[in-house]
Amino acid sequence: MFGFLSRIFHFQSRRREEPGPDDLSYERWAADFSGPEHTRFSIKSENSHDANLRKGGGGLVLSLRKAGCLAWVENPVYRYADMVLEARIRLDARGAYAAAGLMFRVVDESTYYSALVSSKGYFRLDLVRNGNPSALVGWTELPRVLPEPGTEVEDGGRGGGFALTVIANGSRIVIAVNSLKAAEIRDSVIPEGRICFAAASYGEGPPLPAASPYTAEAVLEALTVESRIAEVEAAYEYWSADDAPSDPQSHFRLAETFAAMGNPAAALGQLKLGWEKGAGTGGGEGRGARELLLAARLALRLDLPGEAEEYAGACLGLDGDFDEKREAAVEKARLLYRARRFAELRAHCEDAAARFGEDAVLLSLLGHSFWELAEYGGAAAAYDRAFEADGGNGLAAKNAANAWELLGDREKALDRCMKAGRAFLAEGNYADLGAVAAKALVFGADNWEVHALAGKWAFGIEDWGAARAEFEEAERLRLFLPPGSASPDAVPPPPDPALVFLRGLLLIREGKRGEALALLEEAALLEPEYPLFRLSLAENRFLLSGDPGDPKFAADLGAALSLDPENGWAHNLAARAALARDDTVEAARCLEDAARLLGGEPAVRLSQAELLSKQGRLDEALAVLDAAPGEDSGGLMAHYAGNLLFRAGRFEDADARYRRAIEASPGDASYLCDRASCLIELGRFGEADGILALAHSLEPTPAVLEQIAYVAAKKGEYPRAEAACNAALELDADHIPSLLTLGGIYAARFRWDETAAILRRLDALSPDEAARKRREELRSRLGEALTRLIPCASCGRIWRVGRPAEPVRPVRLFAMPPDELPAGSCPRCGKTWCVGCARRSMDEDGRFLCPDCGLSLKLADEGLRKLIHDWAEKERLFEPVPETEVLRQSQLLEEKQ
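About the criteria used
Residues numbered from 1 in each chain as written. Predicted model: local features only at pLDDT ≥ 70, side-chain atom pairs only at ≥ 80, totals over all residues. Heavy atoms only, no water. Helix = DSSP H or I, 4+ residues; strand = E, 2+ residues; numbered from the N terminus. Buried < 20%, exposed > 50% of the residue type's maximum accessible area, 1.4 Å probe, protein only. Areas by Shrake-Rupley, 256 points an atom, 1.4 Å probe, with all protein chains shown as cover. Salt bridge = Lys/Arg side-chain N within 4 Å of Asp/Glu carboxyl O. Pairing = 2+ DSSP bridges. Axes fitted to C-alpha atoms, helices over the stretch in contact; angles between N-to-C directions. Contact = heavy atoms within 4.5 Å. Expected span 1.5 Å × (residues − 1). Arc of directions from axis to C-beta. Polar contact = N/O pair within 3.5 Å; in protein donor to acceptor, adjacent residues only side chain to side chain. Phe/Tyr/Trp six-rings, centres within 6.5 Å; stacked < 30°, edge-to-face > 60°. Core = buried A, V, L, I, M, F, W, Y, C linked by side-chain atoms within 4.5 Å. Left-handed = near helix turned anticlockwise from the far one by under 90°. Nonpolar A, V, L, I, M, F, W, Y, C, P; charged D, E, K, R; others polar.

*Asks:* Lay out the overall build of the protein with the relevant residues and their values.
*Replies:* Per the secondary structure count, the protein includes 35 helices and 20 strands. In the protein, which comprises 897 residues, the share counted as buried stands at 46%. When the accessible surface of the protein is summed, it comes to about 44,000 Å², and 51% of that surface belongs to carbon and sulfur atoms.

*Asks:* With reference to specific residues and values, describe the pattern of salt bridges.
*Replies:* Considering all chains together, one arrives at 74 salt bridges under this definition. Residues Lys614 and Asp582 are paired through a salt bridge, measuring 3.0 Å at the closest nitrogen-oxygen approach. Taken as a pair, Lys614 in helix 22 (residues 602–614) and Asp582 in the loop between helix 20 (568–580) and helix 21 (584–598) lie far apart in primary sequence, 32 residues in all. A relative accessible area of 38% means that Lys614 is categorised as partly exposed. A relative accessible area of 54% places Asp582 in the exposed class. Connected through shared salt-bridge partners, Glu652, Asp655, Arg659, Arg675, Arg684 and Glu687 make up one network.

*Asks:* Could you give an account of the sheet that holds strand 13 (residues 193–203), with specific residues and numbers?
*Replies:* Within the open sheet, the six strands sit side by side as 4-13-6-7-8-9. Their pairing is antiparallel. Each edge of the open sheet carries a strand with a single partner, namely strand 4 (69–80) and strand 9 (132–141). Pairs of neighbouring strands in the sheet enclose a mean axial angle of 15 degrees, with direction left out of account. Contacts from helix 3 (residues 250–260) reach strand 8 (122–129) and strand 9 within the one sheet, and its direction differs from that of strand 9 by about 140 degrees.

*Asks:* Tell me about helix 19 (residues 551–563), residues and numbers included.
*Replies:* Given 3.6 residues per turn, any residue in an α-helix points the same way as the ones three and four places further on. Relative to the 18 Å expected for 13 residues at 1.5 Å per residue, helix 19 spans 18 Å between its end C-alpha atoms, a close match to the ideal helical length. Considered for burial, the residues of helix 19 that qualify are Phe553, Asp556, Leu557, Ala559 and Ala560. Buried residues of helix 19 fall within an arc of 155 degrees about the axis and therefore sit on the same side. Summarising the geometry of helix 19, the exposed residues directed more than 90 degrees from the buried face are Pro551 and Ser562. For helix 19, the secondary structure elements touched by its buried residues are helix 18 (531–545) and helix 20. At the N-terminal end of helix 19, a side-chain oxygen is found 3.1 Å from the backbone nitrogen of Lys552, two or three residues along, and the residue is Asp550.

*Asks:* Account for unusual backbone geometry, with residues named and values stated.
*Replies:* Unlike most non-glycine residues, Arg105 shows phi in positive territory, near 50 degrees. Residue placement: Arg105 occurs in strand 6 (residues 97–108). Unlike most non-glycine residues, Ser179 shows phi in positive territory, near 65 degrees. Its location among the elements puts Ser179 in the loop between strand 11 (172–177) and strand 12 (180–186).

*Asks:* Describe in detail the pairing of strand 11, supporting the description with residues and values.
*Replies:* Among the six residues that make up strand 11, six are buried, leaving the element largely enclosed by the rest of the structure. Residues Arg172, Val174 and Ala176 of strand 11 are buried on one face, and the alternating residues Ile173, Ile175 and Val177, pointing to the opposite face, are buried as well. Here strand 11 hands over to strand 12 after two residues, with Asn178 in that stretch at a positive phi of 55 degrees.

*Asks:* Break down the packing of aromatic side chains for me, citing the residues and quoting the values.
*Replies:* Taken as a whole and judged by the stated rule, the model has 17 aromatic pairs. Measuring from ring centre to ring centre gives 5.2 Å for Trp371 and Tyr376, while their planes differ by 75 degrees; the resulting arrangement is edge-to-face. Trp371 gets classed as partly exposed once you look at its relative accessible area, which sits at 28%. The class for Tyr376 is partly exposed, based on a relative accessible area of 28%. Taken together, the ring pairs connect Trp29, Phe33 and Phe41 into an aromatic cluster.

*Asks:* Can you tell me about the side chain of Asn393, naming the residues and giving the values?
*Replies:* With respect to the helices and strands, Asn393 occurs in the loop between helix 10 (376–389) and helix 11 (394–406). Residue Asn393 is classed as buried on the basis of its relative accessible area of 17%. Within the local environment of Asn393, its side chain forms a polar contact with the backbone nitrogen of Ala396, the two atoms lying 3.2 Å apart.

*Asks:* Just give me the short version of the nonpolar core, but keep the residues and values in it.
*Replies:* Phe104 and Leu223 are the most contacted members of the largest nonpolar core, which totals 115 residues. By residue number, the principal contributor to this core is helix 5 (residues 289–301), which donates nine residues. Non-local contacts of Leu223, meaning those with residues more than four positions away in its chain, are made with Trp29, Ala30, Ala31, Phe41, Glu86, Ala87, Leu102 and Ile195. Of all hydrophobic cores here, the second largest spans 38 residues; its members include Ala695, Ile708, Leu729 and Ala771.

*Asks:* Would you mind going over the packing of helix 31 (residues 752–763) against helix 32 (residues 769–786) in detail, with residue names and values included?
*Replies:* For the pair helix 31 and helix 32, interaxial distance at closest approach is 10 Å and the crossing angle is 150 degrees. When the axes of helix 31 and helix 32 are compared, the crossing they make is left-handed. Residues Trp752, Thr755, Ala756, Ile758, Leu759, Leu762 and Asp763 of helix 31 form the contact with helix 32, whose own contacting residues are Arg775, Leu778, Arg779, Arg781, Leu782, Ala785 and Leu786. Class assignment for the residues of the contact of helix 31 with helix 32 results in nine nonpolar, one polar and four charged.

*Asks:* Describe helix 27 (residues 685–698), naming the residues involved and giving the relevant values.
*Replies:* Its 14 residues place the ends of helix 27 20 Å apart at the C-alpha level, agreeing with the 20 Å of an ideal helix rising 1.5 Å per residue. Along helix 27, the residues classified as buried are Ala688, Asp689, Ile691, Leu692 and Ala695. Looking at the buried positions of helix 27, the neighbouring elements they touch are helix 26 (669–681), helix 28 (702–714) and helix 29 (718–731).

*Asks:* Lay out the pairing of strand 7 (residues 111–118) in plain terms, naming residues and giving numbers.
*Replies:* Buried residues dominate strand 7, accounting for eight of its eight residues. What you see with strand 7 is no split at all: Thr111, Tyr113, Ala115 and Val117 on one side and Tyr112, Ser114, Leu116 and Ser118 on the other are buried throughout. Across seven bridges, strand 6 lies against strand 7 in antiparallel orientation. Residue pairing for strand 7: Leu102 is matched across the bridge by Ala115. Between strand 6 and strand 7, which pair antiparallel one after the other, the connecting turn spans two residues. As defined by bridge partners, strand 7 adjoins strand 8 across six bridges and the pair is classed as antiparallel. Its bridge partner lying in strand 8, Ala115 is registered against Leu125. Where strand 7 folds back on strand 8, the antiparallel hairpin that results is connected by three residues, among which Gly121 adopts a positive phi of roughly 85 degrees.

*Asks:* How would you explain the side chain of Thr741 if you had to name every residue and give the values?
*Replies:* By the secondary structure assignment, Thr741 is in helix 30 (residues 736–748). By relative accessible area, which is 6% here, Thr741 ends up buried. Those residues in contact with Thr741 that sit more than four places away from it in its chain are Glu706, Ala709, Tyr710, Cys725 and Arg774.

*Asks:* I'd like a description of the environment of Ala98, backed by residues and values.
*Replies:* Inspection of the secondary structure puts Ala98 in strand 6. Assessed through its relative accessible area of 0%, Ala98 is described here as buried. Ala98 has contacts with Leu91, Ala93, Val117, Ser118, Ser119, Ala200, Ser201, Tyr202 and Ala216, leaving out every residue within four places of it along the chain.

So, in structure tokens, the structure goes:
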């Protein structure tokens, strides 16, 4: 009362003062929509909506341009603290889902209250504080359902019309719709503020006519504001009275809303208020089955066992059999279990099961009663019945396994463990799956299916080493036939397609896509109608070969799309394949489907960015990859942006994006390696070396070791570089990048024999185009180091001879060498001529002469002599010169000199 009198005094002391635009106003005001100069609303259109006055003063129209938005028009003239708002609003959702209403005590666009009524006949009340929304009353069914747009309503207008009343009196807020009280709550977060007319669109309806660009439209046809303190207090007294106009079911609807919002105390309070007013769906006190069942559940949540038992018992005592009574029986069973009244629980569950049929929850609780009473046979039977009633109830099978174990029946215990494990696996419950898998291993250590289940559990918790070991043991046991069962017709049981598939995924994780291919093919062959297997096989083929034209890839991707046309990941893979073919039109089409099905998934945004990059729109691609805080928690999009910038040669910008990715996921070795590659391009080898050391500590793969070797070689640390390459080749003897880098190290240290050995190993492999180019460059270096080129002085023909050339024994030829072989070199000018060119300068004895000097050509160069010797030996057109003649010719030469 003192607060009321103080506000009256404050009002009287100010009533003669004219309030300013930002002052609190105490007035009664009715909106005038006859023209902009008369209405107080700030009528402005924005990108999301249009706002205007209807001709003839018919109201304020708020038209929304797109779905998924909230828009409002503010009355900026005064602020109000306590108030009564009475509005008449017409809403046209255009066949979709929309809402309209009032915002009050608006401080700014991030702090306000809002009361909205939806086109589906629901209302809600929200508090938004500093941009953080909090539902005070979630969507709750109205006392009266709104008519569909275009139907007649009581006032003779068209569309969905309703009256909305908001009373804000201190911390007390009352909402009434269509002259019926809908809700009353208390909240004192925002004491005062402005008012707004608001509308929201939550989804798109059928295609709009070309002439209508709006997804929804709301019209504020009338609005009155009463902020005089006495009048507000009187209005609140009226609407808060027990006899205020209301729907008898409104309290029950609010109770359901508060229960769904996780506020059991408020929900139970609403039920009790309704019962006190005699409202309900049942007779007598008006307590119906649904209300009593809800009250029992709420009382249990509030730890009020006495009330819960009373409500459940009252529900069970109603005439007739219906679902609510069965559910009440379940709630009473839970109550008895929590109270540890196990004998009563057993009797109650047996009676309820006989009355309502095999209910998995009741039978599980029956099993609990037997268990606690040490009657394990009854417990095992009850748990088995519970699992039969609900095959997805893994806990029932798990409990049955425990009971059969205590009864000493290991075979049945193992069977129930496997049933429980499969149920837990299906629902992704890896905590319970781990427990039953461990127990199953005790009962069935020689059972391949047990090890398969244990491996699936290990895979699910990302214990890759344990998963690999269990899968290998499962496969060994599956293929093993005990000696006593060996027979000509004995064959191993068929493989588990899921196990085969997961083994393939493990190999992919280890970077062994080639080995994984056979397993993925086997899984798809075992389950050809399972789309995930076909999609994963297609993806692996594509990533392995990089060939979008591979017919096997096309067949697998086509099968995946045919089996599951609404799989967004398949459409995204199709887009990636189209991008690899540079078919940007097809890629854009596939990405439309992927985005429709997956929304803003990072994988889709990566593909969209790749498409824009290929179209020469790199800045737009980077914008697609820009993520809001928390949106790119794994750094995937920042990393991809770095890759695009790296490909564009913008290494400094790429480094910044790589750093952002590493901040988001510091344990990702691939991010570290890509940043190291960027730093290498920038010549910052010391930084790259440190980053690669960290990557190696996280993931010691051949690729990381090869990069370490490359950086060490660039720094001149050849022994360390060689050691890193050899370590990489110990992990993977055919790792092509490591072979190439090691060959480069050998070449830099003039170890040509070892370089040649590396080339022979590379020739036996199938490198990609970039690796083939590096291999040929290495081969060229080796050739330049071990050979020299001698050209013909006339025609330019070139001979490659050893450096140094091995000496050959002199031979006597029986025929003229072919034109492409060397004829000899001039002892004066030093020029070399081929046989074809030297034929034009021969003396009468048939000796070749230098065309420039006229002197006889000599085969003094050991490399040229070896070319002639190898030809003659191949054609068998020579005979060796005797040693005595060689010695005589050598002496004559010395005498001439």
